[in-house]
Amino acid sequence: MNLSNLKPAEGSTKNKKRIGRGTGSGRGGTSTRGHKGAGSRSGTSSKVGFEGGQMPLQRRIPKTGFKNINRVEYVGINLDVLQSLAEKFSLTSIDFNTLREHGLVSKNDLVKVLGRGEVTSKLEVTAHAFTASAQKAIEAAGGAIVKL
């Protein structure tokens, strides 16, 4: 057996229905488009969510909430994660590239250090933002913070 003589199993495929090939085919005449109306004409297309003129679902449902277009999304990294990373790989400074190498953030992320956990080793942490508790904990352990 090779690629040139592969074919589907017997009975697993059917021929497609040929439309507009005379009345004897069962699909001649209007060619399954029905009589009159926009759908029977050539060149028609309806937009996504079109419900035949009925008020579409996305317009019937009430609007709620507020979406701030200026929101800055951060990836949160907690102190316990930084501490375990420092112990595991014996690091004294942790920056964006270090976090990226270990798969904690991706290329376009912004990093914010959060205050869960404890820092026992002296670390120099570089990130885009810090919470007040994280900053206090890092500096209490003798470390330093650098904002990008």
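Preceding this section is the structure that the text describes.
What comes next concerns the included structure. Here, residues in each chain are numbered from 1, in the same order as that chain's written sequence. At least 70 in pLDDT is required for a residue's local features to be given in this predicted model, at least 80 for side-chain atom pairs to be given and counted, and no such filter applies to totals for whole chains, interfaces and linings, which use all residues. Side-chain metrics rest on all non-hydrogen atoms present in the structure, leaving aside hydrogens and water.

Now for the nonpolar core. What tends to happen in soluble globular proteins is that the nonpolar side chains get buried as a cluster. Core analysis: the largest hydrophobic core is formed by 19 residues, its most contacted members being L82, L99, V113 and I138. Listing elements by their share of this core, those giving two or more residues are helix 2 (79–89), helix 3 (96–101), strand 3 (111–114), strand 4 (124–127) and helix 4 (132–140). Apart from residues lying up to four places away in sequence, L82 is in contact with I77, I94, L99, V113, L123 and V125. Only buried residues count toward a nonpolar core, which is a set of Ala, Val, Leu, Ile, Met, Phe, Trp, Tyr and Cys residues joined through side-chain atoms within 4.5 Å. Buried, partly exposed and exposed residues are distinguished by accessible area as a fraction of the type maximum, computed with a 1.4 Å probe on protein chains only: under 20%, between the cut-offs, and over 50%, respectively. Elements are defined by DSSP. Helices are runs of H or I of four residues or more, strands are runs of E of two residues or more, and each kind is numbered from the N terminus. The contact rule is simple, with two residues in contact once any of their heavy atoms fall within 4.5 Å.

On to the side chain of N78, then. Of note, N78 is situated in strand 1 (residues 75–78). Look at N78 and you get buried, because its relative accessible area is 14%. Polar contact is the term for a pair of N or O atoms within 3.5 Å; when the atoms are in protein, one must be able to donate a hydrogen and the other to accept it, and sequence-neighboring residues count only if both atoms are side-chain atoms. A polar contact of 3.2 Å, which involves the side chain of N78, links it to the backbone nitrogen of R116. With residues up to four places along the chain from it excluded, the contact list for N78 reads L114, G115 and R116.

Moving on: a nonpolar patch on the surface. Where nonpolar side chains cluster on the molecular surface, the patch consists of M1, L3 and L6 and spans about 450 Å² of accessible area. Classification of M1 by relative accessible area gives exposed; the value is 88%. Like charges are joined within 9 Å and nonpolar side chains (Val, Leu, Ile, Met, Phe, Trp, Tyr) within 5 Å, but only among residues with over 30% relative accessible area and no salt bridge; these make up the patches. Surface accessibility follows the Shrake-Rupley procedure with a 1.4 Å probe radius. Residue values consider only the protein chains on display as shielding. The term salt bridge refers to a side-chain nitrogen of Lys or Arg lying within 4 Å of a carboxyl oxygen of Asp or Glu.

This part covers helix 2. Residues separated by three or four positions in an α-helix point in the same direction, a consequence of the helix having 3.6 residues per turn. Within the span of helix 2, buried status applies to L79, L82, Q83, L85 and A86. The arc enclosing the buried residues of helix 2, seen along the axis, measures out at 160°, which places them on a common side. Every exposed residue of helix 2 that faces more than 90 degrees away from the buried side is listed here: E87 and K88. Of the residues one or two after helix 2, S90 is the one with positive phi, at around 45°. Think of the arc as the fan of directions from the helix axis to the C-beta atoms.

The next point concerns unusual backbone geometry. The phi angle of most residues is negative, glycine excepted, and most peptide bonds adopt the trans form. Residues other than glycine seldom take positive phi values, yet S31 does so here, at roughly 55°. The phi dihedral of T32 is positive, around 65°, even though this residue is not glycine.

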